[in-house]
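What follows is the residue order along each chain.
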Amino acid sequence: MNWDDETAADAGERIVGSSAEGDDQAVEAALRPKDLSEFVGQEKVRQQLDLVLRAARQRGATADHVLLSGAPGLGKTTLSMIIAAEMNAPIRITSGPAIQHAGDLAAILSSLQEGEILFLDEIHRMSRPAEEMLYMAMEDFRVDVIVGKGPGATAIPLELPPFTLVGATTRAGLLPPPLRDRFGFTGHMEFYEPAELERVIHRSAGLLDVEIDTAGAAEIAGRSRGTPRIANRLLRRVRDYAQVRADGQITREIAEAALSVYEVDSRGLDRLDRGVLEALLKLFGGGPVGLSTLAVAVGEERETVEEVAEPFLVREGLLARTPRGRVATPAAWTHLGLVPPQAAGSERPGSGQQGLFGA
């Protein structure tokens, strides 16, 4: 298993993790909107995509290839299924890591029906030979299948029916320009505002037959890290708490009590996030401190801190990355209810740790 798989597994184990595993996937499928009119948020992407699909339907043609980028849990897979529903076409779902050889991709492409939607998740992790085959398939609806090896190898052209590729990626920068250029439409998924997440929560609560008031939905939305997948997961955990320890109705008080049990605080930080901040503030005086040193203090792998905890802390303005190491912001001190120490001279407490393991 490579590092991307490991970090996804680590994130998936957290209640505020953005990956969906096991039961989460089944529940997500039941909660997904079925058409663009039901899809909440991502207004620009939704409006632009609606125009692309409407125009294709009016022409009686397949839609242009679509690339969706953004963090996990924002709705890329949901939009791919909506594209298939809007075009009244079947959808084939696979992922970049599953396509390790050009032959794997050729087998999938050769079995597509005319107008079918091919959803390729984590497209940036596809092997290079398969990627190069995809160029011709997207542009000319044709692939060359190599038969034999060495000097006697021959290329047999294989015509493909027109299809629409929907690629999804969490790291658009890793896609080579020739591949990006072959997509007719590119949409970047943004994190959701709390008001949008409240709408998501109310819709999901209706589908789950859960009673929730406005204040309860707002409390869950504020701790959902701008991600619908996390909002739905927190809603289900609060529902369990309300069912077992209350009358089944979710209010602000019930939501606060439930999320306190699951160690998700008012800004959506969990045990790992707060552990990183507490080590940075209490042990190193707010930094700067090297990443490896910080990881040892937290008792986690360096990559776990960097890939799982740091992105949200940086986005929330609680932590900053500097050439000298990680530094806590004033907001971090305020959030944990701590008072920053007075700087003594030019050296800040904890700065001497910088050279121990490096930045």
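Along each chain, residue indices are assigned from 1 in the same order as the chain's sequence is written. It should be noted that, the model being predicted, local features are given only for residues of pLDDT at least 70 and side-chain atom pairs only at 80 or more, the latter also being counted only at that level, while totals for whole chains, interfaces and linings use all residues. Side-chain measures here rest on the full set of heavy atoms in the structure, leaving out hydrogens and waters.

Caption draft 1: Representation of the nonpolar core within the structure. Definition used in this section: a nonpolar core is a set of buried Ala, Val, Leu, Ile, Met, Phe, Trp, Tyr and Cys residues joined via side-chain atoms within 4.5 Å. Burial classes follow relative accessibility: with a 1.4 Å probe on protein chains only, a residue under 20% of its type's maximum area counts as buried, one over 50% as exposed, and anything between as partly exposed. Grouped together as the largest cluster of nonpolar side chains are 48 residues, with contacts concentrated most on L79, I83, I201, I212, I220, V238 and I250. Tallying contributions element by element places helix 10 (residues 228-245) first for this core, with seven residues. Note on contacts: a residue pair is in contact if any heavy atoms of the two residues lie within 4.5 Å. The residues contacting I212, other than those within four sequence positions of it, are I201, H202, A205, A217, I220, L235 and I250. Counting 24 residues, the second largest nonpolar core, distinct from the first, contains M126, M138, F163 and F183. For helices the rule is a DSSP run of H or I covering at least 4 residues; for strands it is a run of E covering at least 2, with both sets numbered from the N terminus onward.

Caption draft 2: Representation of the sheet that holds strand 2 (residues 91-95). Paired strands, in this sense, are two strands between which DSSP finds at least two bridges. Spatially, five strands are ordered 2-3-6-1-7 in an open sheet, and the strand pairing comes out parallel. Each edge of the open sheet is held by one strand with a lone partner, namely strand 2 and strand 7 (185-188). Strand-to-strand twist across the sheet, computed as the mean angle between neighbouring axes with direction ignored, equals 15°. Here strand 3 (residues 117-121) pairs with strand 6 (residues 164-169) via four bridges, running parallel. What sits directly across from I117, in strand 6, is T164. Axis definition: a line fitted to C-alpha atoms, limited for helices to the stretch in contact. Angles are taken between N-to-C directions and run from 0 to 180 degrees. The strands that helix 3 (residues 43-59) touches are strand 1 (66-69) and strand 7; relative to strand 7, the one it contacts most, it runs at about 160°.

Caption draft 3: A look at the packing of helix 8 (residues 194-207) against helix 10. Helix 10 packs onto helix 8 with a crossing angle of 45° between their chain directions and a minimal axis gap of 10 Å. Taken together, the axis directions place helix 8 and helix 10 in an arrangement best described as oblique. In terms of crossing hand, the pair formed by helix 8 and helix 10 is right-handed. Seen from helix 8, the contacting residues are L197, V200, I201, S204 and A205; seen from helix 10, they are P228, A231, N232 and L235. A class-by-class count of the residues in the contact of helix 8 with helix 10 yields seven nonpolar, two polar and no charged. Geometric relationships in this document are graded by angle, where less than 35 degrees denotes roughly parallel, more than 145 denotes roughly antiparallel, 65 to 115 denotes roughly perpendicular, and other angles denote oblique. Handedness of a crossing is defined here by the sense of rotation of the near helix relative to the far one, left-handed for an anticlockwise turn of less than a right angle and right-handed for a clockwise turn. Under the grouping applied here, Gly and all other residues not named as nonpolar or charged are polar, the nonpolar ones being Ala, Val, Leu, Ile, Met, Phe, Trp, Tyr, Cys and Pro and the charged ones Asp, Glu, Lys and Arg.

Structural measurements only, silent on function.
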